[in-house]
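# Architecture and fold: a report
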Amino acid sequence: MYDMIGWAKDLFPIPRSLTGDGVRETFRYLQNINPEITSQSFATGTQVFDWEIPREWKIRDAWIEHVPTGLRFAQFKECNLHVLGYSLPIDAEMDRADLLPHIYTQPDQPDLIPYVTSYYKDRWGFCMAQNAKDALPEGAYRVYIDSDLFDGELLVGDALVQGETDRELMFSSYICHPSMANNELSGPVLLSALLKFVKDHFPQPKFSYRFILVPETIGSLAYMSRNLKQMQQRIECGFNLSCVGDERGFSHVQSRYADTIADVALKSALIGKDNVKTYSFLQRGSDERQYGAPGIALPICGFCRSKYGEYPEYHTDADNFDVVTQKGLEGSFKVMTTIIKAFEMGLYPTIAVKGEPQLGKRGLYPTISQKGSYSAIRARMDVLAYADGSNSLFDIANHISVPLEIVLDEAELMLEHGLITVSDTATDRHPRGTGC
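Reference entry: report on the structure contained in this document. The shown structure was predicted, so the numbers you read here are calculated from the model rather than taken from an experiment.

Rules and cut-offs
- Residues numbered from 1 in each chain as written.
- Predicted model: local features only at pLDDT ≥ 70, side-chain atom pairs only at ≥ 80, totals over all residues.
- Heavy atoms only, no water.
- Helix = DSSP H or I, 4+ residues; strand = E, 2+ residues; numbered from the N terminus.
- Buried < 20%, exposed > 50% of the residue type's maximum accessible area, 1.4 Å probe, protein only.
- 1 Å grid on protein atoms, 1.4 Å probe; cavity = no way out; pocket = protein on both sides within 12 Å on 5 of 7 lines; lining within 4 Å.
- Points joined across faces, edges and corners; volume = space filled by probe spheres on them.
- Nonpolar A, V, L, I, M, F, W, Y, C, P; charged D, E, K, R; others polar.
- Pairing = 2+ DSSP bridges.
- Expected span 1.5 Å × (residues − 1).
- Core = buried A, V, L, I, M, F, W, Y, C linked by side-chain atoms within 4.5 Å.
- Contact = heavy atoms within 4.5 Å.
- Salt bridge = Lys/Arg side-chain N within 4 Å of Asp/Glu carboxyl O.

We now examine unusual backbone geometry. Backbone geometry places Tyr86, a non-glycine residue, at a positive phi of 70 degrees. Position of Tyr86 relative to the elements: it lies in the loop between strand E5 (72-73) and strand E6 (90-95). Phi is positive for His315, which is not a glycine, with a value near 55 degrees. Here His315 is to be found in the loop between strand E16 (300-304) and helix H9 (326-345). We classify His315 as partly exposed; its relative accessible area is 21%.

Structure follows, in structure tokens:
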């Protein structure tokens, strides 16, 4: 198993934003894991669909100092969430009353530092726990934010693994948040592990694989502004990976009409998991918004453990490694790799005999017939019953309410015994009574 938690801990201190040195450093780290990842640059002011690439932001240091005592608060070097994302620079003295409106808090979580940004409107500010803000002493303060906003670049990255066919599976995540473990780092490290998995286990894959790392929203739009035609021609199934590192549950954020093969695949892979929640496209919030938008309409849905915005530590400094664990990451890894294995096996099984096969002579069925003996191999029989070439492995799992992992194991066994053939494309379902 890949050391996803180690990668996440290495990346945690880096102060990322939409642009800047934190993004570059993150790309360099991920490229050491997978050298195939390359980056593309978009200059400030470049039009990407209805949006414009913003200025680049550089942040070096920030703090609030109580002049009478010299005490410092909201120090950037202690927690990089203390600075409003994309804050203007400032070096000024003011009294407490003038400072307080520039300090952002999360009043319903008074002990936590919130993550707050102002990407597209110029302002300066700090972020603090509400209780810490309330405890600021009276008197004069010096506020210091050593930052720059300037014409620069926005970076997006991808890696393409070419298969026997141009038909693609796509995985996307984002690299634009500072030190938050689940909301930021779980997605990129899972994506990096999936890229290594494909390379390690399928040196000559049937399908092609596209792995995308972008700043959320503006980055996915920028990436598609250059690659949309190819993506629409090639992508068959895809997943936006967000908040995939905790152990609390599993979440499926559906595509716009919940009718893509990605929706069917993820639903099947989550059968039997604890605390599975399904959210409609109306509850979207990450880059499935962009990938599923009108005029783009890629066959992509969102995958999370606890969905963004639904767990208490979200967008605060409590989103740390008490939330994200190696076990949680491995649970997400297993869901996604099971789907990859299904594609690489051949999605559409077709039974190779007429009628029900005699499994007993192959050692695949109990040789003693007794009440209850059938239940042990029910999944095997049900997989064969729906293996008519028109149902994908995902469809079969959903039809028979058996986890995709088990369906895949049974299909592999049937394939070994010559009881099914597999194809990467579906056949037309025969009208009832006209064939198997």
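The subject of this paragraph is empty space enclosed by the protein. Within the structure shown, the criterion is met by one cavity of 30 Å³ or more. When its volume is computed, the largest cavity comes out at roughly 100 Å³. In terms of lining, the largest cavity is formed by 14 residues, of which the most central are Arg16, Trp57, Asn80, Gly85 and Pro178. Considering only residue class, the lining of the largest cavity consists of nine nonpolar, four polar and one charged.

A word on the sheet that holds strand E9 (residues 140-150). Strand order in the open sheet formed by four strands is E5-E4-E9-E6, with antiparallel pairing between adjacent strands. Strands at the two margins of the open sheet, each flanked by one partner only, are E5 and E6. Two strands pair when backbone bridges link them, and E6 and E9 are joined in this way by six bridges, in the antiparallel orientation. Of the residues in E9, the one forming a bridge with Ala92 is Val143.

Here helix H2 (residues 21-33) is 13 residues long and its end C-alpha atoms lie 19 Å apart, about the 18 Å a rise of 1.5 Å per residue gives. Those residues of H2 that fall on the buried side of the exposure criterion are Gly22, Val23, Arg24, Thr26, Phe27, Leu30 and Ile33.

Right, let's get into the nonpolar core. Grouped together as the largest cluster of nonpolar side chains are 81 residues, with contacts concentrated most on Phe171, Phe211, Phe239 and Met336. Ranked by residues supplied to this core, first place goes to helix H5 (residues 181-201) with 10 residues. Those residues in contact with Phe239 that sit more than four places away from it in its chain are Met170, Phe171, Ser172, Ala262, Ala265, Leu266, Ile300, Cys301, Met336 and Ile339. Formed by 50 residues, the second largest nonpolar core is a distinct cluster that contains Val83, Trp124, Met170 and Met224.

It is worth spelling out the pattern of salt bridges at this point. Within the structure shown, the criterion is met by 21 salt bridges. Here Glu138 makes a salt bridge to Arg96, at a shortest N to O gap of 3.6 Å. Of the two residues, Glu138 is situated in the loop between helix H4 (130-134) and E9 and Arg96 in helix H3 (residues 96-99); the sequence distance between them amounts to 42 residues. Note that Asp166 and Arg234 form a salt bridge whose closest N and O atoms lie 3.6 Å from each other. With Asp166 in the loop between strand E10 (153-161) and strand E11 (168-174) and Arg234 in helix H6 (residues 218-234), the pair connects residues that are 68 residues apart, well separated along the chain. Using a relative accessible area of 15% as the deciding quantity, one classes Arg234 as buried. Residues joined in a network through salt bridges with shared partners are Asp21, Arg24, Glu56, Lys58 and Glu153.

Another point: the environment of Phe202. Structurally, Phe202 can be placed in the loop between H5 and strand E12 (208-214). Since its relative accessible area comes to 19%, Phe202 is described here as buried. For Phe202 and Glu344, which are 142 residues apart along the polypeptide, the C-alpha to C-alpha distance reads 8.2 Å. The residues contacting Phe202, other than those within four sequence positions of it, are Phe197, Ile340, Lys341 and Glu344.

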